[in-house]
Amino acid sequence: MASVRFQGVSKTYQKDILALAKFDVEVQDSEFLVLVGPSGCGKSTTLRILAGLEEPTTGEVFIDDRNVTDIKPQDRDIAMVFQNYALYPHMTVYNNMAFSLRMKKMPGDKIDHNVKEAAEILGISDYLQRKPKELSGGQRQRVALGRAIVRHPAVFLFDEPLSNLDAKLRVQMRNELSQLHTKLKSTMIYVTHDQAEAMTLGDRIVVLKDGYIQQIDTPLDLYDNPDNSFVAGFIGSPSMNFLNIVLKDGIIHVGDITLENAPITGIPEGEYLFGIRPEDIHPSEGSRLSGEVEVVETLGNENIIYLKFSGRQFAARCGPKVKAVTGGMFEFSIDFDRSHLFNLDGIKMRVNET
């Protein structure tokens, strides 16, 4: 177990390609920190810098109070789990898990204890004599996890480890990773582009875009109090709905529609971006707000209704009994207490507060 600190870390590749900028993050001992963002945002670069597979252009990296910036990967006391498992196909599960310990010349009885202990934790004791080709995707991922666990590292690093699994198995493995963190009480840093993984796994989440940190917060605070429109739109599925509005005399104007029941105080008049999540849009017969239904996703426990409103696609998350017909009109109301207001640069404004 260990803390991790990134201090002023940046990474620029040839031709001035910026991968990471001004990365200052401290990971607490035993914390599960998730780095999330779209492709090319810098999350994998961050992980590789911590692992020693990339050198930072500027800045330093600390594990506990030890500066590891110039230390070789094998001397950093970290273990990394990759997206493609990276198992040796000619070796048994046992030998895959034991390989790094043998390289360290650990005594055979200690190796045997560590391998069997990790296999028991992961439920793969019956597969120790099989080879990777004889395992399912989920079993291979457990072996990759086991290979990391046997080393008892100070920090676990995960680089999109579930992206090759099908949807059902991803959910199962998310639960197992969460349970594993509880059992081991280890420091874990996890990279993903999947915001559902980030929300369900992380104690805290770092949201990245174009190499820059957008927000660091707990999952619920990211969801309820996004700092900007990027975070608001990235976290949540379906994503937040946005409208271009004009605020005048404390009233929201959406095109030729006025939302007189949505007073906003303490905000200068002008143009803004108004955000509302799909679950905060409710069916309301007789409402002045309506849009033409484009798609209805029936999920059993809920219906996701996509409609066209004020020139944009709007999504409403409704109960299973709420019916809508493609091509028909859907009348709705908005829970303005749950709304968000951003300036045209995407920065969060305070709504309904003086």
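Everything here concerns the structure above.
Q: Looking at this model, I keep getting lost on the overall build of the protein. Mind explaining?
A: A count of helices and strands for the protein gives eight helices and 21 strands. C-alpha extents for the protein along the principal axes are approximately 75 × 45 × 35 Å. Within the protein, the proportion of its 354 residues that are buried is 48%. Of all intrachain contacts in the protein linking residues separated by at least 6 positions in sequence, the fraction that spans at least 24 positions is 66%.

Q: Can you walk me through the layout of surface pockets in this structure?
A: The gaps of empty space that remain are located by a probe, the size of a water molecule, rolled over the atoms. Considering only enclosed or pocket space, the largest pocket measures out at about 520 Å³ in volume. Lining the largest pocket are 18 residues, with I78, M80, F82, S100 and R151 positioned closest to its centre. Elements with a contribution of two residues or more to the lining of the largest pocket: β6 (78-81), α2 (93-103) and α4 (137-149).

Q: What am I meant to see in the nonpolar core here?
A: One finds M97, V115, F158, L177 and Y190 to be the most contacted residues of the largest nonpolar core, which totals 46 residues. The residues contacting F158, other than those within four sequence positions of it, are L47, V81, L145, L177, M188, I189, Y190 and V191.

Q: Just checking my understanding: could you explain unusual backbone geometry for this structure?
A: If a residue is not glycine, its phi is most likely negative; likewise, a peptide bond is most likely trans. In this structure, the amide linkage connecting S237 to the following residue, P238, adopts the cis form with an omega of -5 degrees. Structurally, P238 is set in the loop between α8 (229-234) and β11 (241-248). A positive phi angle, near 55 degrees, is found at K185, a position not held by glycine. Residue placement: K185 occurs in the loop between α5 (167-184) and β8 (187-192).

Q: What's the story with the sheet that holds strand β15 (residues 281-283) in this structure? I'm lost.
A: Strand pairing in a sheet relies on backbone hydrogen bonds, with the paired strands running either antiparallel or parallel. Pairing in this open sheet of five strands is antiparallel, and the strands run β15-β19-β16-β17-β18 from one edge to the other. The open sheet has two edge strands with one neighbour each: β15 and β18 (312-318). Averaged over all neighbouring strand pairs, the angle between strand axes comes to 50 degrees, with direction disregarded. The pairing of strand β17 (residues 303-309) with β18 spans seven bridges and is classified as antiparallel. Residue pairing across strands places I305 opposite A316, the latter belonging to β18.

Q: Would you mind showing me how to read the side chain of N303 here?
A: Among the structural elements, N303 can be located in strand β17. From its side chain, N303 meets the backbone oxygen of P320 in a polar contact 3.4 Å long. In this structure, N303 is in contact with E297, T298, A316, R317, C318, G319, P320 and V322, ignoring residues within four places of it in sequence.

Q: In this structure, what is going on with the packing of aromatic side chains? I would like to understand it.
A: The relative placement of two aromatic rings is captured by the distance of their centres and the angle of their planes. The final tally for this structure, using the stated rule, is twelve aromatic pairs. Relative to F314, the ring of F309 has its centre 5.4 Å away and its plane inclined at 55 degrees; by these criteria the two rings are tilted. Overall, the relative accessible area of 1% leaves F314 in the buried class. The interplanar angle of 80 degrees and the centroid separation of 5.3 Å between the aromatic rings of F309 and F332 together place this pair among those described as edge-to-face. Of this pair, F309 sits in strand β17 while F332 sits in strand β19 (residues 329-334), and the two are 23 residues apart along the sequence. Sitting over the face of the ring of F62, R5 holds its NZ or CZ atom 4.1 Å from the ring centroid. Sitting above the plane of the Y223 ring, R277 keeps its charged end 4.0 Å from the centroid.

Q: Just checking my understanding: could you explain the packing of α2 against α4 for this structure?
A: Relative orientation and spacing of two packed helices are given, respectively, by the angle between their axes and the distance between those axes. Contact pair α2 / α4: the axes reach a minimum separation of 8 Å and the direction vectors enclose 30 degrees. Considering their axes alone, α2 and α4 lie roughly parallel with respect to each other. In terms of crossing hand, the pair formed by α2 and α4 is right-handed. The residues of α4 that touch α2, namely those facing V93, N96, M97 and S100, are V143, G146 and R147. Along the lines of polarity and charge, the residues of the contact of α2 with α4 split into three nonpolar, three polar and one charged.

Q: How should the side chain of S100 be read in this particular structure?
A: Relative to the helices and strands, S100 resides in helix α2. In this structure S100 touches R147 and R151, once residues within four positions along its chain are discounted.

Q: Just checking my understanding: could you explain α4 for this structure?
A: Each α-helix turn comprises 3.6 residues. Residues three or four places apart therefore point the same way. Taking 1.5 Å per residue, 13 residues should reach 18 Å; α4 reaches 18 Å between its end C-alpha atoms and fits that length. Judged by how many residues are buried, α4 sits mostly within the fold: eleven of 13 residues are covered. Listing the buried residues of α4 in full gives G138, Q139, Q141, R142, V143, A144, L145, G146, R147, A148 and I149. Packed against the buried residues of α4 are β6, α2, α3 (108-122), β7 (155-159) and α5.

Q: What am I meant to see in the pattern of salt bridges here?
A: A side chain with one charge can pair with a side chain of the opposite charge if their charged atoms come near. For the coordinates displayed, the defined rule picks out ten salt bridges. K11 is the salt-bridge partner of E54, the closest N and O atoms lying 3.8 Å from each other. One end of the pair, E54, is in the loop between α1 (43-51) and β4 (58-63); the other, K11, is in strand β1 (residues 4-13), and 43 residues separate them in sequence. This pair shows no difference in class: E54 is buried, exactly as K11 is. The salt bridge involving R338 is made with D280; its shortest N-O contact spans 3.7 Å. Remark: D280 occurs in the loop between β14 (270-276) and β15 and R338 occurs in the loop between β19 and β20 (340-342); sequence separation between them is 58 residues. With relative accessibility at 8%, the residue D280 sits in the buried group. Here the salt bridges do not stand alone but share partners, grouping K11, R48 and E54 into one network.

Rules used throughout
Residues numbered from 1 in each chain as written. Predicted model: local features only at pLDDT ≥ 70, side-chain atom pairs only at ≥ 80, totals over all residues. Heavy atoms only, no water. Helix = DSSP H or I, 4+ residues; strand = E, 2+ residues; numbered from the N terminus. Buried < 20%, exposed > 50% of the residue type's maximum accessible area, 1.4 Å probe, protein only. Contact = heavy atoms within 4.5 Å. 1 Å grid on protein atoms, 1.4 Å probe; cavity = no way out; pocket = protein on both sides within 12 Å on 5 of 7 lines; lining within 4 Å. Points joined across faces, edges and corners; volume = space filled by probe spheres on them. Core = buried A, V, L, I, M, F, W, Y, C linked by side-chain atoms within 4.5 Å. Pairing = 2+ DSSP bridges. Axes fitted to C-alpha atoms, helices over the stretch in contact; angles between N-to-C directions. Polar contact = N/O pair within 3.5 Å; in protein donor to acceptor, adjacent residues only side chain to side chain. Phe/Tyr/Trp six-rings, centres within 6.5 Å; stacked < 30°, edge-to-face > 60°. Lys NZ or Arg CZ within 6 Å of the ring centre and 35° of its normal. Parallel < 35°, antiparallel > 145°, perpendicular 65-115°, else oblique. Left-handed = near helix turned anticlockwise from the far one by under 90°. Nonpolar A, V, L, I, M, F, W, Y, C, P; charged D, E, K, R; others polar. Expected span 1.5 Å × (residues − 1). Salt bridge = Lys/Arg side-chain N within 4 Å of Asp/Glu carboxyl O.

Keep in mind these values describe shape, not function.
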